[in-house]
Amino acid sequence: MDKKRIRNDLILLASILLAALAAWGVLKLAQRPGKYVVVEIDGKTSAVYPLDTDLRLDIKTEGGHVNTLVISEGRAYVESADCPDKLCVKQRAISRTGETVICLPHKLVIRIAGEGGVDTVS
Ligand SMILES: [Zn+2]
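Residues numbered from 1 in each chain as written. Predicted model: local features only at pLDDT ≥ 70, side-chain atom pairs only at ≥ 80, totals over all residues. Heavy atoms only, no water.

**Here we look at the sheet that holds strand 5 (residues 75–81)**
Pairing between the strands of a sheet is mediated by backbone hydrogen bonds and can be parallel or antiparallel. Taking strand neighbours across the sheet as the criterion, the 3 strands line up as 3-4-5 in an open arrangement whose pairing is antiparallel. Both outer strands of the open sheet, strand 3 (55–61) and strand 5, are each paired with one neighbouring strand and no more. Across the sheet, the mean angle separating the axes of adjacent strands is 30° when strand polarity is ignored. Pairing analysis gives 7 bridges linking strand 3 to strand 4 (residues 65–72), with the strands arranged antiparallel. (Pairing = 2+ DSSP bridges. Helix = DSSP H or I, 4+ residues; strand = E, 2+ residues; numbered from the N terminus. Axes fitted to C-alpha atoms, helices over the stretch in contact; angles between N-to-C directions.)

**Details of the nonpolar core**
Within the largest apolar cluster, 20 residues are counted, with the highest numbers of intra-cluster contacts made by V37, V39, L69, A76 and I110. For this core, the secondary-structure elements that each account for two or more residues are strand 1 (36–41), strand 2 (44–50), strand 4, strand 5, strand 6 (100–103) and strand 7 (108–113). (Core = buried A, V, L, I, M, F, W, Y, C linked by side-chain atoms within 4.5 Å. Buried < 20%, exposed > 50% of the residue type's maximum accessible area, 1.4 Å probe, protein only.)

**What to know about the side chain of N67**
Of note, N67 is situated in strand 4. A distance of 2.5 Å separates the side chain of N67 from the side chain of H106, its partner in a polar contact. Once residues lying within four places of it in the same chain are set aside, the contact partners of N67 are L57, D58, I59, T61, V78, S80, A81, C88, C103, H106 and L108. (Polar contact = N/O pair within 3.5 Å; in protein donor to acceptor, adjacent residues only side chain to side chain. Contact = heavy atoms within 4.5 Å.)

**Overview of unusual backbone geometry**
Although it is not a glycine, D42 sits at a positive phi angle of roughly 55°. Within the fold, D42 resides in the loop between strand 1 and strand 2. A positive phi angle, close to 60°, is found at K86, a residue other than glycine. Tracing the chain through its elements places K86 in the loop between strand 5 and helix 2 (87–90). Accessibility expressed as a relative area gives 34% for K86, which makes it partly exposed.

**So, the pairing of strand 6**
Of the two faces of strand 6, only one is covered, namely that formed by V101 and C103; the face formed by T100 and I102 stays uncovered. Where strand 6 folds back on strand 7, the antiparallel hairpin that results is connected by 4 residues, among which K107 adopts a positive phi of roughly 50°.

Written as structure tokens, this is what we have:
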């Protein structure tokens, strides 16, 4: 048995674990629980709602289309929509900063924003 080699392997293993832990920590920091639900239509912020207040409303988008947004128990999702692909309805509920539900046909983006308020990215 080569004791030195085993020791080196252990050091390698420990550093891999540390690196993984650090990466996980950075990811967790970047993805904090959200505070606001930001509704963007065609790239412009059209409304902002608090994530901790239950809500159900119809978002009117271009051409008289409708997406029904639901905020429930700190999560936001599209309950129904009249877009052809219904991809926004199929997307899972979002609750953490940076997560989005997108309805491409309606140019609608529902985004979770964090503590620092609403950053308007144009
Ligand atoms: Zn859609």
